[in-house]
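For reference, the chains in residue letters:
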Amino acid sequence: MFISENVKYIGVNDHDIDLFEGQYDVPNGMAYNSYAVIGEKTAIMDSVDAAFTSQWLDNINKALDGKEPDYLVIQHMEPDHSGSIAVFAQAYPNTKIVSSTKSFTMMKNFFGTDLADRRVVVGEGDVLDLGDRTLSFIAAP
């Protein structure tokens with residue numbers, strides 16, 4: 001799926017799942033959406049369900065032509081958005097992880113680490129500077 005030269009779709013499709021969150025019928029499967037925002041610095045937006053980690057990492061590598069991303073932005077910790085964080089963190093040891101304080105607490109519970117040496121905590125109104133573009137954060141509890 002083409003979005004733009006600077007925003008690339010790197011998500012994956014799950015055609016085997018029949019229920020979203022164990023209760024909502026999804027006869028056409030699920031899309032685990034993830035994007036690469038490419039500027040002077042690069043941000044990956046969300047990870048994907050753990051069953052699709054390898055495909056997602058391949059998509060990142062292809063979109064970035066082998067370059068290591070600068071940031072992984074996690075919008076929330078439901079498994080379809082967070083399932084591949086730990087493997088991503090191992091694959092890209094220099095990439096900063098961007099999320100809320102609550103998300104980092106959940107990462108500690110889920111993965112045994114809150115990535116303290118790599119985390120960038122953001123909240124309402126914060127901005128992440130990618131050099132030639134910025135990401136603005138809005139809390140939506």
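Everything below is about the structure shown above.
Right, let's walk through the structure included here. Quick caveat, the model's predicted, so the values are computed rather than measured. (Residues numbered from 1 in each chain as written. Predicted model: local features only at pLDDT ≥ 70, side-chain atom pairs only at ≥ 80, totals over all residues. Heavy atoms only, no water.)

## Thoughts on the overall build of the protein chain
The secondary structure content of the protein chain amounts to four helices and twelve strands. Seen through its principal axes, the protein chain has C-alpha atoms that stretch 40 × 35 × 30 Å. Taking all 141 residues of the protein chain together, 40% fall into the buried category. The long-range fraction of contacts in the protein chain, counting pairs at least 24 apart against all pairs at least 6 apart in sequence, stands at 58%. (Helix = DSSP H or I, 4+ residues; strand = E, 2+ residues; numbered from the N terminus. Buried < 20%, exposed > 50% of the residue type's maximum accessible area, 1.4 Å probe, protein only. Contact = heavy atoms within 4.5 Å.)

## Examining unusual backbone geometry
Not every positive phi belongs to a glycine, and aspartate 65 is a case in point at roughly 50 degrees. On the basis of relative accessible area, aspartate 65 is assigned to the exposed category, the value being 73%. Of note, leucine 115 is a non-glycine position whose phi angle comes to about 55 degrees, a positive value. Mapping leucine 115 onto the fold places it in the loop between helix H4 (101-111) and strand S10 (119-121).

## Focus on the nonpolar core
Generally speaking, nonpolar side chains in soluble globular proteins are found buried as a group. Counting 26 residues, the largest nonpolar core has Ile44, Trp56, Ile60, Leu72, Phe88 and Met107 as its most contacted members. Counting residues per element, this core draws most heavily on helix H1 (residues 53-63), at four residues. Residues in contact with isoleucine 44, not counting those within four places in the same chain, are Ile10, Ser34, Tyr35, Ala36, Trp56, Ile60, Leu64, Pro69, Tyr71, Leu72, Val73 and Phe88. The next biggest cluster of nonpolar side chains, apart from the first, holds eleven residues, and it includes Met45, Tyr71, Leu130 and Leu135. (Core = buried A, V, L, I, M, F, W, Y, C linked by side-chain atoms within 4.5 Å.)

In short, geometric facts, not functional conclusions.
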